Each structure stands twice: as structure tokens, then as C-alpha cells.
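These are the residues of each chain, in order.
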Amino acid sequence: MRIEDLLRGKGTAVATVAPGTTVTELLAGLAKHNVGAMVVTAEDGGIAGIVSERDVVRRLNDHGPSILDGPVADIMTKLVASCGPQDSVDQLSVLMTERRIRHVPVLVEGKLAGIVSIGDVVKSRMEQLEKSQEQLEAYIAQG
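Residues numbered from 1 in each chain as written. Predicted model: local features only at pLDDT ≥ 70, side-chain atom pairs only at ≥ 80, totals over all residues. Heavy atoms only, no water.

Concerning the packing of helix α4 (residues 89–99) against helix α5 (residues 118–142)
Two elements in contact, α4 and α5, have axes separated by 10 Å at closest approach and are oriented at 135 degrees. One element, α4, and the other, α5, form an angle in the oblique class. Helix-helix and strand crossings are classified by hand; for α4 and α5 the assignment is left-handed. Along the contact surface, α4 presents V89, L92, S93 and M96, while α5 presents I118, V121 and S124. Within the contact of α4 with α5, the residues separate by chemical class into five nonpolar, two polar and no charged. (Axes fitted to C-alpha atoms, helices over the stretch in contact; angles between N-to-C directions. Helix = DSSP H or I, 4+ residues; strand = E, 2+ residues; numbered from the N terminus. Parallel < 35°, antiparallel > 145°, perpendicular 65-115°, else oblique. Left-handed = near helix turned anticlockwise from the far one by under 90°. Contact = heavy atoms within 4.5 Å. Nonpolar A, V, L, I, M, F, W, Y, C, P; charged D, E, K, R; others polar.)

Considerations on the nonpolar core
If you look at the biggest cluster of nonpolar residues, it comprises 13 residues, and the most contacted ones within it are V17, L26, M38, V40, V51, V72 and I75. Elements represented by at least two residues in this core include exactly α2 (23–33) and β2 (37–41). For this core, the leading source of residues is α2, giving three residues. With sequence-adjacent residues up to four places away left out, M38 is seen in contact with A15, T16, V17, L26, G29, L30, H33, I50 and V51. One finds L7, L92, V104 and V106 within the second-largest nonpolar core, a separate group that totals eleven residues. (Core = buried A, V, L, I, M, F, W, Y, C linked by side-chain atoms within 4.5 Å. Buried < 20%, exposed > 50% of the residue type's maximum accessible area, 1.4 Å probe, protein only.)

Observations concerning the pairing of strand β5 (residues 111–117)
When strand β4 (residues 103–108) meets β5, the two strands line up antiparallel, connected through six bridges. In the strand pairing of β5, V104 is matched with V116. Linking two consecutive strands that pair antiparallel, namely β4 and β5, is a turn of two residues; a positive phi of about 50 degrees is found at E109 within it. (Pairing = 2+ DSSP bridges.)

Observations concerning the environment of A18
Tracing the sequence through the fold places A18 in the loop between β1 (16–17) and α2. For A18, a relative accessible area of 38% puts it in the partly exposed group. For the pair A18 and Y139, spaced 121 residues apart in sequence, the C-alpha to C-alpha distance is 53 Å. Ignoring any residue separated from it by four or fewer positions in sequence, one finds A18 in contact with V40, T41 and V72.

Here we look at the sheet that holds β2
With mixed pairing, the three strands of this open sheet are ordered in space as β1-β2-β3. Pairing within the sheet leaves two strands with one partner each, and these edge strands are β1 and β3 (47–52). α2 contacts β1, β2 and β3 of the sheet and is inclined by roughly 125 degrees relative to β2.

So yeah, pure geometry; function would need other evidence.
The structure is reproduced here in C-alpha cells:
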């Protein structure tokens, strides 16, 4: 299965935030959209970074609650792993495991075209396993 197939089923909407947004506003956005990360967009429409709940928790632990009034740019991950629509879900699964990340933006010609979470990958894999099981059961029943 390819990333484009996964996006076709889940959609291409991506929750984004500007680098100057406060961390408190970011947290409100995460809750509003019921997501675990938001892509930080640059003025040119590209990706400036990504920020997750994990980033917030770690920075709170390191620097205390003063980070809540600071900009997202201060806590975001700047080196963002990404994928393309033609990449396979299996390739993405390996990337997520090796880099220990849970959210990967999908880019088309350098522009944001979607996002895939570890939950999307697991759901896709579960659907594939269910289909395989159904096919095996049908094959055995035909005997």
C-alpha cells in the first residue's frame, strides 16, 4: 500500500501552526483538532518544523512553565522527516521506527499534502491482515 492510498481514505487535512504562535495556543489547537502534533509552516508555505505533545512535555520538564508563553519556534523539531505519496506504508513504518517519530508530513514538490501518524500506519496494517485472513479462510473453505 502506498501513502497516497492511505491519504485517500483518511483525507489530506493537516493541522498547522505558525512559528510565532505561543505554546499555550498550540496546546489549544492540539486539543481542538484532537491531534498529537502540528506542522509548523513557513511564510513561503513550506515546512519550518513540527511540534508534538512530546516536544511540549520535554521542554516543560527542562525549562518550566515559562515556555508556555514562548513561541512554538523555540520548541519545534526543525529537522522534519517527510515522505511522498508514492512511498510505501512499509517504508514509512521503518522510518517511524528507526527515528522514533509518530507523525510524518507528506510532501508533494516541497508543499504539504497531508500527514500520516503511527495510528494511521497501524490501522492500515490491521486492515491488510484482516483481508489476508479472509482470503485464507475463503481458500481453505473451498478446499
